[in-house]
Structures are given as C-alpha cells and as structure tokens.
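Examination of the molecular architecture
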Amino acid sequence: HLSAQPGEIRTTCAYCGVGCGVLAKPDGQGGLAVRGDPDHPANRGRLCSKGTALGETMGLEDRLLHPVIGGVRADWDTALNHVADRFRETIAEHGPDSVAFYVSGQMTTEDYYVANKLMKGFIGSANIDTNSRLCMASTVAGHKRAFGTDTVPGTYEDLELADLVVLTGSNLAWCHPVLYQRIVAAKAARPAMRVVVIDPRRTATCDIADLHLAIAPGADVALFNALLAEIDRRGARDPRFARHLDGMAEALAAARVEDVSLTGLSAAEIATFLDMWIGTEKVVTVFSQGVNQSASGSDKVNAIINCHLATGRIGQPGMGPFSVTGQPNAMGGREVGGLANALASHLDIDNPAHRDAVQSFWNAPDMPAGAGLKAVDMFRAVERGEIKALWIICTNPAMSMPEADRVRAAIANCDFAAVSDITASTDTARLAHVLLPAAGWGERDGSVTNSDRTISRQRAVLPAPGEARPDWAILAEVGQRMGWPGAFDWPDAAAVFREHAALSGVAGRLGADFDISDHAALDAEGYATLAPFRWPAAGARQGGRFFRDGRFFTPSGRGRMIPVTARPPVAEPDGNHPFQLNTGRIRDQWHSMTRSGRSARLNRHMGEPFVEIHPEDAERLGLVPAGLAELRNHAGRAVLRVLVTDRVRRGEVFAPIHWSGETAPTGRVDALVTAHVDPVSGQPESKAVPVSVAPY
Ligand code: SF4
C-alpha cells in the first residue's frame, strides 16, 4: 500500500467490468478526491473519464435517505417487517414461485450472495435474475457449453501480449476505456501488433484498427464459421490439442462457408481477416455486447471459441477468446450463482448432486428443482399476475428492460413491489409500494470481480447518508424476519465473504472451477486489507489461465466444439420499419445515469439523447443535423436529437440507452427494443430492432 497517501482508501470503480482500482479520500465537502490506484493490476493508476469523475457523484440530490411505504416515510423496522410479511404471505398463499427478485451487476458479491441464498435456499424458488441477463448471459451459456463451466480462460495481460487483437461487438474505447488504453500503449510499444475491429459502426475503437469490418448486424456466426472452415482447409488445426476436444467434426460440418455472404463484407475484406487470424499464432478475440445482446448470442460466443479450440490458441500468453463484461460485478454475480439458471459457486442448478451439496452447506429447508424465470420471462410473469411479490434491487428495469413501457406497466400492476436503491425517483422507484434506501458506492463494504477474474474490495470511504444500509444487510434482515434468523445473521460484509469462500470449497471438491476457499478463514483485518487477487490460486502454474493443460470441466473432461449455424436477427427491417436500430453506450455515461448524470463534467460530453443516422438516409427523410427524429415500432417510441454521420451504415441507426424523460427529446430507447431472446441464454436482442424514423 506504499503508493496510497495519508487518508486515501483503496477501493474499486463503480462502473465497468474492467474493475479499476481507485484511491479515494473525502474532500471535506461531501465529495471525494479520487485517483487511479497505481498498484491495482487492472489499471496501474489509469482511470477513464467516468472513473475520474466518481468523486463528483456523491451528492445527495434525489437521494433516497429513509424507508418509504406507500409514499410515506417509515422507520426501518416497519419497512422490513412489511416486506417480510408480504413475501411470507404471498408464498403461503401462492407458493414460492409466486415471488421474485430482480437484482443487479452493480451489487457487491456479498449483496448478491445473500439475495441468492435467500431466494434459492430458503424461499425455495430460483426466481432470482439480474440485469446481467441483458449484459453477458450469452457468454455464460457459451462458456458452459464449451468448457463445462462459466470460465474466462485468459487474463488482461493477454491483450497486451497478443500479436493480433480482434475486437468483435466491442466499442472498447468507450465502454472499457482503460483496457483500451492498455492495448493502445501495447501497440505503441510494439507497432507490429495489429488490431481488427468487427462492428457495424465505425466507433472510436476503430482509431487503432488496422482493419475495420463493418459487418451486417448479427452476422458474427457466419464470419467465424468461415474462419473455422478456412482453418480446416489450410490445415491450421492443432492436432495435439484436438485430443482434448469433442465435437470438432460436427462443428466443421456446420461451418457453411457460403453463409459468409450474410456478413455484407467484401471478399477482399474477409480474405484479409482470415489471413491475419490464421497467420498469427498469438491472437486474442475480445467480445462484448455486440455478441452477447443477440438472439443468437450464445452461438456467436461458441463460433468464436470454436476457432480458438480448433487451433489450440487458448490458455497461453497472448491467446484465447476473451469476454469483457459490462458491469462492475457481473462476474461476482456469476460466482455466487445470481442468475436464474445458475447455482452458487459456479455449480449447476440442474445437477441434483450440486443442489444437495449447496442445500447441505446452507442447511437450507428447500431448494428449487431447476432453473427459475429469466429476466424477460420474469416480467412477463409479473404482467400475467403470476409473480405477485417482486423485489427489485439496485437496478431500473422500468427503463432498461426491453419493451420498457410494458415492463413499467407490469410492475405498476404487481400486487407488491419493493425497490432498494440509492435514488428516490427512478422510473422503477416511482412504482414501488416500499422503497428501501441502500448504501451506494463509496459508502459500503464488499467485493467485486472484474472481467479477468480479479477480485477486489470496494470500501466505504464516506458514511452512508440518512438511514441508508448496505443491500446485504437489508436482505439479511428480511431473511431473519421471514423466519430464518440463524441463516441470515452476519455481523459484517467480511462474514458474508467468508461464507461465500467456504461454499466455493464445496464447489471445488465437486469439480467446479471457482474455488477461493483459501479465503474462508479471512479475519476482519484480512478482509479490511485484502489486496486484489485473481482466482484460481492453483492456476498460477498456467499463469492464471485455464485450459492449456487440456483439462476442461465437462463430464468427459474434454472441451466441446459446438456446431452453430448463422441466423439473421429475429426481426428484419420491412416497409413499415425500414431501419435496424442498434443500441449501446456513450463514453461518459453509465446505465440510466443515476450516478454518472450527477457530474456536470460528464454531462458535457453528450448532453441529450441522440440518434446517429447516415447522411443519405437523413437527406432522404428530411432530417437535419440537431433536429429531432421520432423512432417508432409496435413496442414504443423515442424522440431523439439527430446526429448525421457516416459512422453508421445506410439503413441502420444507433441510439444510446442512458436517457429517460417524458418530454422531447425522450430517450427511453429500451422502450423500442423488442423482447426477442436467445433461446439458450435468454438474453434479449438489443442490437437489431426494426424501427421507423421520421422528422418530429
Ligand atoms: Fe471505471 Fe471502467 Fe473507467 Fe476503469 S475503465 S475507471 S472500471 S469505468
């Protein structure tokens, strides 16, 4: 801790899955002075614009400071009893599957652990899902199909050690800026390193691209299947690694070269990409939301992994498929099993032996027999009245779920909706019967896991304002009041972490990849000073990587190549909805802006909701720069400022997801996103939504 100055506290950024270390200290005026932690392995002192502005986001404007029942201030005891009573009564009358939790990749691992234990072990339902379903569920599904577990094979160092970095469906420059900066620095130091960007848009990430492939929306499987077929044709498969694999012949048979026409790329572009990828041994293929947020997202992930498995380019320095997660703790949520189709510690909810082991560890009365409702299905069940009590924690689904207007109406009509948040008036909080004030980033203790499996502490730097409490403590109180005092009795976040670590030892003995049980005896001092560490400790002999030794977590112990077939997006543009809408983030805002929107500096970057449209389309429609355009489809509408640019392809438009608002411009873009989901992962298709566009 030598580089921390007096008064500085080590914590981890609140935003993206890079998971940068932050040194923060109170500025004496209610805010924080922050700088990048030079000792954190993810960022080595760097921060992006969002991280740098964290100290400006601690203000109390619109902050939820005390519990509220039916719009009236309440004390904690009354509010907690009310939530516990409503859940208990609903379960007694309608069964455990009549209730649900919808949680968040913004929560700490400790929060997530307690929520998952309460729902799966004690309520006895698997109806807990998370906004990570919208973020990287397709990667989870792809990993599990290929590796047997949800395992990220490589590390951030691999992005610097690679001779070729392929970024597909990832605007890393804006969405994971410090990781992007690490690649920029590596490329500057080693100019022979090359970068390929595969993205329908010419994003800021293309600034360092040696090749930009403006692929048609959703055509990644076609491109990577063509790559797999060419790997085979050129004899570039790794025959020694092949003995560790199943499914090679089937995957090759499914890799139809003729589907490459779906990409919309020229023969020369495709040939250049194939030559670069096949001809470079040290290649990392990075993928993010452009791959995940698709009705064929799982197949896209496996199409990428297939190429790395076939060539044996996995688990070695500078080689491998690499998923970058959107949220600060999507990975920690995966580790505690916070998805409806997961169990704790990367165990399998469909495996009776795994369920028995977790039930026994928790001494739990009941466990669900299988997966619960994934996010889209969960809100459909709310709409139908089948979910009668809902607890939404640390997320804003009335704005961020696909078909957000429909989800908003479903929550409004739910018999009972509790919302825990730091903000008093989000689109979702306005619908709650009970509001519970949560401690936010900088006020709570916990841990998070970043995209390369590094677990870091988030630490309280300021006292929680008003009556706010950490989410894990609120959940534990409700668990106790529902009738399980012994199972939900922890003195602090450290005790929750110890239990989570101990459970991972059970998982490790059952053959799961995730085992941090060497931290199960961590005392208060050890938790307080816990330095960032990447699991698995036992994987150090492989440089913290997985699978080079040919050992996978499938029943056979071999990796699986998955046969996948290219499919276009579920909904194609037509005469009524001639444009394909692509949604995403901007550099300086985060999710629904409840934190980042508090910084005047961040708001200066792009101050209002907008739509990018190609100049020829804009001219044809009579749209002028800085005018207003209305986007519509059957699900909803948005009115957005017009940004005319040839960064987008003709016939496609791009709009960011961050804004809400009822008056023009109204940026509720997720109101337009239709709820077509990947059949394997349940992740919605947020990047290919047919809409009409007209002057407003
Ligand atoms: Fe925070 Fe991500 Fe920026 Fe790092 S790159 S400072 S984790 S938002």
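Residues numbered from 1 in each chain as written. Predicted model: local features only at pLDDT ≥ 70, side-chain atom pairs only at ≥ 80, totals over all residues. Heavy atoms only, no water.

**Regarding the overall build of the chain**
As a reminder of what qualifies: Strands are runs of DSSP state E lasting at least two residues, helices are runs of H or I lasting at least four, and both sets are numbered from the N terminus onward. The quantity called the radius of gyration is restricted to C-alpha atoms. Its globule counterpart is 2.2 Å times the number of residues to the power 0.38. In this analysis, two residues are considered to be in contact whenever any of their non-hydrogen atoms come within 4.5 Å of each other. Exposure was quantified through the Shrake-Rupley algorithm and a 1.4 Å probe, taking into account, for residues, occlusion by the shown protein chains and nothing else. Charge convention: Lys and Arg are scored as positive, Asp and Glu as negative, and His as well as the terminal groups of each chain are ignored. All charge positions are set by atom: Lys at NZ, Arg at CZ, Asp at CG, Glu at CD.
In terms of regular secondary structure, the chain is built from 23 helices and 26 strands. What you see for the chain is a C-alpha radius of gyration of 24 Å, in line with the 26 Å of a compact globule of 696 residues. Expressed along its principal axes, the backbone C-alpha trace of the chain runs to roughly 70 × 60 × 55 Å. Counting contacts in the chain only where the partners sit at least 6 residues apart, residues at least 24 apart contribute 74% of the total. Accessible area of the chain: about 22,700 Å², with a carbon and sulfur share of 51%. Within the chain, the 79 negative side-chain charges are centred at a point lying 4 Å from the centre of the 70 positive side-chain charges.

**Focus: the layout of surface pockets**
Formally: Detection works on a 1 Å grid of protein atoms alone, calling trapped sets that fit a 1.4 Å probe cavities and calling open sets with protein on both sides within 12 Å along at least five of seven lines pockets, with lining residues defined by an atom within 4 Å of a point. Grid points are joined across faces, edges and corners, and a volume is the space filled by probe spheres set on the points. For this classification, the nonpolar set comprises Ala, Val, Leu, Ile, Met, Phe, Trp, Tyr, Cys and Pro, the charged set comprises Asp, Glu, Lys and Arg, and every other residue, Gly included, is treated as polar. Domain ranges listed in this record stem from an automatic or a database domain assignment.
Size it by volume and the largest pocket reaches roughly 480 Å³. Contributing to the lining of the largest pocket are 22 residues, with Asp 62, Thr 423, Ser 592, Met 593 and Thr 594 lying nearest its centre. Partitioned by chemical class, the residues of the lining of the largest pocket number four nonpolar, eleven polar and seven charged. Three or more residues apiece are contributed to the lining of the largest pocket by two domains, here domain 2 (68–135 + 338–445 + 462–491) and domain 4 (579–695).

**Here we look at unusual backbone geometry**
Counted only if it meets this: Buried, partly exposed and exposed residues are distinguished by accessible area as a fraction of the type maximum, computed with a 1.4 Å probe on protein chains only: under 20%, between the cut-offs, and over 50%, respectively.
A cis geometry characterises the amide bond from Trp 535 onward to Pro 536, with omega recorded as 5 degrees. Even without being a glycine, Arg 453 presents a positive backbone phi close to 70 degrees. Judged by relative accessible area, which is 0%, Arg 453 ranks as buried. Non-glycine residue His 591 carries a positive phi angle of around 45 degrees. You can see His 591 is positioned in the loop between strand S21 (579–584) and helix H22 (600–603).

**Concerning the packing of aromatic side chains**
Note the threshold: Under the pairing criterion, centres of Phe, Tyr and Trp rings, with the six-membered ring standing for Trp, must be within 6.5 Å; the plane angle then separates stacked pairs below 30 degrees from edge-to-face pairs above 60, leaving the rest tilted. For a Lys NZ or an Arg CZ to count as sitting over a ring, it must be within 6 Å of the ring centre and within 35 degrees of the ring normal.
All chains considered together, the criterion is met by 22 aromatic pairs. Taken together, the aromatic side chains of Phe 147, Phe 241, Phe 514, Trp 535, Phe 546, Phe 547, Phe 552 and Phe 553 make up a single cluster linked through ring pairs. Sitting over the ring of Phe 488, Lys 117 keeps its end group 5.4 Å from the ring centre. Its guanidinium or amino end placed over the ring of Phe 654, Arg 201 lies 3.5 Å from that ring's centre, counting from NZ or CZ.

**Focus on the site of the ligand**
The following threshold applies: Any residue with at least one heavy atom within 4 Å of a molecule or strand is counted as near it.
Taken together, Cys 13, Tyr 15, Cys 16, Val 18, Gly 19, Cys 20, Leu 47, Cys 48, Lys 50, Gly 51, Pro 177 and Val 178 are the residues near the ligand. For the shell around the ligand, the elements supplying multiple residues, two or more each, are helix H1 (49–52) and helix H7 (177–189). When its residues are assigned to classes, the shell around the ligand shows nine nonpolar, two polar and one charged.

**Overview of the domain arrangement of the chain**
When its domains are assigned, the chain resolves into domain 1 (9–57), domain 2 (68–135 + 338–445 + 462–491), domain 3 (137–324) and domain 4 (579–695). A C-alpha centroid distance of 29 Å is found between domain 1 and domain 2.

**Some words on helix H19 (residues 471–481)**
Burial runs high along H19: eight of the eleven residues are buried. Looking only at H19, the buried set comprises Asp 471, Trp 472, Ala 473, Ile 474, Leu 475, Ala 476, Val 478 and Gly 479. Gly 483 sits one or two residues past H19 and shows a positive phi near 125 degrees.

**Considering the pairing of strand S6 (residues 99–103)**
Going by this rule: The rule for pairing is simple: two strands pair if DSSP sees at least two bridges between them.
Burial runs high along S6: five of the five residues are buried. Neither face of S6 is exposed, since Val 99, Phe 101 and Val 103 on one face and Ala 100 and Tyr 102 on the opposite face are all buried. Bridging between S6 and strand S14 (residues 389–393) involves four bridges; their strand directions are parallel. Bridge pairing links Tyr 102 to Ile 392 in S14.

**Some words on the environment of Ala 438**
Relative to the helices and strands, Ala 438 is located in the loop between strand S16 (434–437) and strand S17 (446–449). Exposure remark for Ala 438: the relative accessible area of 2% places this residue in the buried category. Setting aside its immediate chain neighbours within four residues, Ala 438 contacts Arg 63, Asp 421, Ile 422, Ala 468, Arg 469, Asp 471 and Ile 474.

**Focus: the nonpolar core**
The criterion, for reference: The term nonpolar core refers to a set of buried residues drawn from Ala, Val, Leu, Ile, Met, Phe, Trp, Tyr and Cys, joined through side-chain atoms within 4.5 Å.
In terms of nonpolar packing, the biggest core is built from 119 residues, with Phe 101, Phe 273 and Trp 391 touching the most fellow members. If you count residues domain by domain, this core takes at least three from each of domain 2 (68–135 + 338–445 + 462–491) and domain 3 (137–324). Every residue in contact with Phe 273, bar those within four places of it in the chain, is listed here: Val 166, Val 196, Ile 198, Leu 211, Leu 213, Leu 223, Phe 224 and Leu 227. Membership of the second largest hydrophobic core comes to 49 residues, among which are Cys 16, Leu 159, Leu 172 and Val 195.

**Observations regarding the sheet that holds strand S18 (residues 454–458)**
Across the sheet, three strands lie side by side as S17-S18-S19; this open sheet has antiparallel pairing. Edge strands, defined here as strands with exactly one partner in the open sheet, are S17 and strand S19 (533–534). In this structure, S18 lies alongside S19, joined through two bridges in antiparallel fashion. Bridge assignment links Ile 455 to a residue of S19, and that residue is Phe 533.

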